[in-house]
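The residues making up each chain are set out below.
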Amino acid sequence: MIQYIIRRVAYAIPLLLAVNILTFVLFFVVNSPDDMARMQLGQKHVTEQAINNWKHQHGYDLPLLWNAEQSGLEKLRQTIFYQKSIGLFLFDFGISDSGRNIGHDISERMWPSLALALPSLIVGLLVNITVALMMVLFRNSYLELGTIVLCVILMSISSLFYIIGGQFFIGKILKLVPISGYDSGFSAIKFLILPIIISVISGLGAGARWYRTLFLEEVEKDYVRTARAKGLSEVQVLFRHVLKNAMIPILTGVVVVLPLLFMGSLIMESFFSIPGLGSYTIDAINRQDFAIVRSMVFLGSVLYILGLLMTDISYTWVDPRVRLS
Amino acid sequence: MIVLWTDGLIFILVLAIAVSITLMLRKPHFKRPLAKITQSKTGMVSLVVLLCFAGIGLLDSVHYKDSKTQDIISLLDHFARPLTERSEKTYSAPFSAYLYSKEMIIGEDGLEKWDYPRLKYGGAHLNNPEQEKWPDILSKAATGFGKGVVLALLLYLIFWMICGRKLAESFRPATKAALLTLFLVISLFYMLAYLSHWYHVLGTDKVGEDVFYQTLKSIRTGLVIGTLTTLMMLPLAIGFGIMAGFFRGWVDDVIQFVYTTLNSIPGVLLIAASILMVQVYMANHAEQFTSVLVRADMRLLFLCLILGVTSWTGLCRMLRAETLKLREMEFVQAAESLGVTRPTILIRHILPNVMHIVLISVVLDFSSLVLAEAVLSYINIGVDPTTYSWGNMINGARLEMARDPVVWWSLSAAFLFMFTLVLAANLFADTVRNAFDPRRAEHG
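Remember, it's a predicted structure, so these values are computed and weren't measured experimentally. (Residues numbered from 1 in each chain as written. Chains lettered and ligands numbered in written order. Predicted model: local features only at pLDDT ≥ 70, side-chain atom pairs only at ≥ 80, totals over all residues. Heavy atoms only, no water.)

(A) Focus on the overall build of chain B. Of regular secondary structure, chain B possesses 16 helices and four strands. Here the C-alpha coordinates of chain B stretch approximately 100 × 60 × 40 Å along the principal axes. The contacts of chain B with a sequence gap of at least 6 include a subset with a gap of at least 24, amounting to 73%. Entry remark: accessible area of chain B is about 21700 Å², with carbon and sulfur atoms responsible for 67%. (Helix = DSSP H or I, 4+ residues; strand = E, 2+ residues; numbered from the N terminus. Contact = heavy atoms within 4.5 Å. Areas by Shrake-Rupley, 256 points an atom, 1.4 Å probe, with all protein chains shown as cover.)

This is the structure we're talking about:
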C-alpha cells in the first residue's frame, strides 16, 4: 500500500513536469515577455526602459530555456523556465504580474471557495441519489416517466439561466436573500444559500439520470433477486443492497473532484461575488495576469492528481476485493 | 462567394455526415438501429427540430460580398435584410411601438415634453398604438400563420408528388409526428418572419438591433461549436484510443501519459490560457486579419480546436477500453493468425466495431458544447465579442436585469432558443443511444 502510494507520487512528477512545460509553451513562447510587459503597462507610450524595469521586477529578464552566458548547470538554472517552475514545485507561487503575493491570496481565498463548493457537492449528491433511488423504486410507472422528462428538461437549461433567474426571483423580487456578496464567519450563510440551491438544481438533471443508470444496472443482478427472494421489501433491497454496491462507481466520480473543490466554481463565484479562488481566476483571466493563471493551472493539476490517488485508495475501503499493488 | 474557414469545414462536415449515412445504410448492423431511430416519435420530432436549426445555420454559412455595401454577408443576412436595416435607437420591448427610455419629444401641440417616443420602425404604421396595436398584431399573426400553413402544405404537396407512394407505405406514427412538427415549425417561423415586417417581435437590444435577428444569427455559432469541436476531437480520440488499446506496451503508456496530463489541467483554465494567447497573437499580427468577420471566424475556429483538445480524452479512454476487449476476440485473433497486417486489422476489424461508441458520444457531447459556449462567452474566453452568440447575448443583457422595468427580452430569447436546441439534441441523443447501445438494444 505504502509502496503503491510512493510509486504513484513518483509518477506524478513527470506529469506535473509535462503540465508545466505545456503551460510554459502556451504562455511564453507564443508571446514574449516583451509583449506581456507592453500589455501590463499599456500599449502606447511605453519606453524601452519601462519594459526592462517591469521584466526585471517580475523576473522575466532571463532567457527562456537556455542561458548561453552562464557556465555549467547555471546555463539551465538562470532561465525563466527554471526559475518559474521550481517555485511552483515548492508551492511558492511568487508575485502576480500586478504585484500581489499569489500564495497569500490563495490561502486566503481558498476558504470561501470551500464554503460554497463543499455543501453544494454534499447536498447535490444526497438529492441526486435520493431522486435516482425514487426513480428506480417506482420504475415503469408514470412517476418515473415524469421524473425522466423533468430531468431531461432540467439538463437542457443553461446553468446561466438558473443563476440569473434565481438571483432575479429569489434575490430581487422575493428579497429572501441578498443577491450577491460575502461576509466572514457564520454570517456568510445567507449569502451562500442561494448559490448552493442553484448549483444543486442545475446539477440535478444530469446527476439523477446518471445515478439512475448505475442503480438500474445493479437492480438486474442476481444478488438483488436473492435479496427479494429472502423476503426483503423493495425499499430494503434498494437501500441496503443496491446502494451499497453502487457505491464504487459513485465514489469514482466524487472522490476525484474532492481536492478540486478548493479551486471553487468559476461561474458561481463570479456571479455571486464570492471572494474565492474561482472569481480570483476569472479576474486574473480578465486582467490577463499570466502569473496567477499559471499558478492556478499548476495547483489544479496537483489537486487532480491527488484526486486520482485518493480514488484508488478509497476503492480499497469500499471494495474488499480491490488490492493495490 | 467568400468561404470562411468555419464555412468550409461545416460543408465538409455535412458532406461527411451524408457519406457516412449512405455507407451505414449498406451495413445491416447499422441499418437496424437507424430504422429504430426512424420509428421513435421523440427521436424523429427532435431530429426535425435539429434539422431546422441546421438549415438556418447552413444558410448563415454561405458568405459573399455584397455588391452595394462591400460587406461580407451571408444568405441569412440577405433574407433578413429588413431586420438589419430597421434598427431603433435603444431598447424596446417585443411588439412595442414605443422606445424603452424617455426622451424630449415634440408633441402634437408643438410643445416639448418628456415622454416615450414612438419607434422609428416598430409599429410605425399605426396611428393610435394604444387601441390599434393588439387587434393589428392578431390579424397580422393570423395572416402570417395562414400563409405559413399554405407554404407548408405546398411543400408537402411537392414532396408527396415526388415520393408519394414510398412515403405512404412507410407512414408510421413517428413519420406523422415528424411531419406535424415540421408543419408547425414552418408555419410559426413564417408567422414571425411576416410579423417582423411591422414589429420587433423579440424587441431590440441596447443599440437598437433586432433581437430576433440576433438569435437567428446565434444559431450558427452554437452549431459550429457543437459540431466542429467534434470534428477536431474525433481523429485524436479514435486514433489514440484504438492504438493504445491494440498495441498496448509503451504506446499505451505514452498515450495514457498524454491524456492524464491534459486531463489534469483544469479545462476552463487551459481554454482561457489558449484564448489569451490567441488574443495576444491577433493583437500583434493585426495585419493578417483584414476584416472583423475574418478575425472573429478565426477565433471561433480556434475555440473549437481548443475545446476539441480538452475534450478528446473521455472518448479516447472509452475506445481504449473497448479495443482492449475486442483484440482478445476470436475474429481479431483469426485475422492475426491469417497474417493480416496490423494496420488492416485496426481499420477493418477494430474500427467498425467501436463506431457505435463514437456515434453515441458525438451526439451526447453536442448539447453540452452548446451550453459550454454560453458559459465561456460569459467569462470572456468564448467567441469574439463581435460574433453573434447566445453567450454574448446573455452576457450583454445580464446587467440590464437590474433596471426597472426589467429588460427581459434579450435574455429570454437567447435562453429559449438555446433551450430548444439543447432539448432537441438531448432527446435525439437519447434515441441514438437507445438504438445503438447493444446493452440497451436487447431490452427493446
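Having put the structure on the table, let's press on.
(B) Spatial organisation of the overall build of chain A. Within chain A, the secondary structure is distributed over 15 helices and zero strands. What you see for chain A is a C-alpha radius of gyration of 25 Å, clearly larger than the 20 Å of a compact globule of 325 residues, by over 25%. Considering only C-alpha atoms, chain A reaches an extent of 80 × 60 × 35 Å along its principal axes. A burial count over chain A gives 45% of its 325 residues as buried. Considering only contacts in chain A between residues 6 or more positions apart, those separated by 24 or more positions represent 69%. Looking at chain A as shown, the accessible area adds up to about 16500 Å², and 66% of this sits on carbon and sulfur atoms. Averaged over its 26 positive side-chain charges, chain A has a centre that lies 8 Å from the centre of its 22 negative ones. (Rg over C-alpha atoms; globule rule 2.2 N^0.38 Å. Buried < 20%, exposed > 50% of the residue type's maximum accessible area, 1.4 Å probe, protein only. Lys, Arg positive; Asp, Glu negative; His and termini not counted. Charge placed at Lys NZ, Arg CZ, Asp CG, Glu CD.)

(C) Region of the structure containing the interface of chain B and chain A. If you look at the interface, chain B gives 46 residues, while chain A gives 46 residues. Of the roughly 3900 Å² buried at the junction of chain B and chain A (both faces included), carbon and sulfur atoms supply 76%. Sorting the residues of chain B by area buried against chain A places Phe257, Leu269 and Met277 of chain B first, and these three jointly supply 16% of that buried surface. The interface formed by chain B and chain A holds one salt bridge in total. Residue assignment for the side of chain B that touches chain A shows that the elements contributing at least two residues are α9 (249-264), α10 (267-284), α13 (342-378), α14 (390-398), α15 (409-436) and α16 (438-442) of chain B. In terms of residue count, α10 of chain B provides more of the side of chain B that touches chain A than any other element does, 11 residues in total. In terms of residue class, the side of chain B that touches chain A is built from 29 nonpolar, 10 polar and seven charged. (Buried area = accessible area lost by both parts, 1.4 Å probe. Salt bridge = Lys/Arg side-chain N within 4 Å of Asp/Glu carboxyl O. Nonpolar A, V, L, I, M, F, W, Y, C, P; charged D, E, K, R; others polar.)

(D) Representation of the pairing of strand β3 (residues 103-106) of chain B within the structure. In terms of strand pairing, β3 of chain B meets strand β4 (residues 112-115) of chain B through four bridges, oriented antiparallel. Bridging across to β4 of chain B, Ile106 of chain B finds its partner in Glu112 of chain B. (Pairing = 2+ DSSP bridges.)

(E) Representation of helix α12 (residues 247-255) of chain A in the model. All names here are of chain A. Those residues of α12 that sit buried are Ile250, Leu251, Val254 and Val255. Down the axis, α12 shows its buried residues gathered within 110° of arc, on one side only. As for α12, its buried residues are in contact with α6 (102-137), α9 (189-219) and α15 (290-318). (Arc of directions from axis to C-beta.)

(F) Region of interest: the domain arrangement of chain A. All names here are of chain A. Structurally, chain A comprises domain 1 (2-90) and domain 2 (103-324). With centres defined by C-alpha atoms, the gap from domain 1 to domain 2 works out at 35 Å. Summed over both partners, the interface of domain 1 with domain 2 comes to about 1700 Å²; 75% of that surface belongs to carbon and sulfur atoms. When the buried area of domain 1 at its contact with domain 2 is split by residue, Tyr4, Phe27 and Leu88 rank highest and sum to 33% of it. The interface formed by domain 1 and domain 2 contains one salt bridge. Here Asp312 and Arg8 are joined by a salt bridge, their closest N and O atoms 2.3 Å apart. At the boundary of domain 1 and domain 2, one finds two residue pairs in polar contact (both at pLDDT 80 or more). Elements represented by at least two residues in the side of domain 1 that touches domain 2 include exactly α1 (2-29), α2 (33-41) and α5 (80-89). The element best represented in the side of domain 1 that touches domain 2 is α1, accounting for 13 residues. Among the residues making up the side of domain 1 that touches domain 2, the classes are represented as 15 nonpolar, five polar and two charged. (Domains from an automatic or database assignment. Polar contact = N/O pair within 3.5 Å; in protein donor to acceptor, adjacent residues only side chain to side chain.)

(G) Examining the environment of Arg295 of chain B more closely. Residue and element names in this part refer to chain B. The topology assignment puts Arg295 in helix α11 (residues 292-326). For Arg295, a relative accessible area of 33% translates into the label partly exposed. As for Arg295 and Leu51, which are separated by 244 residues in sequence, their C-alpha atoms are 28 Å apart. Look past the residues within four positions of Arg295 in its chain and what remains in contact with it is Met282, Phe289 and Asp384.

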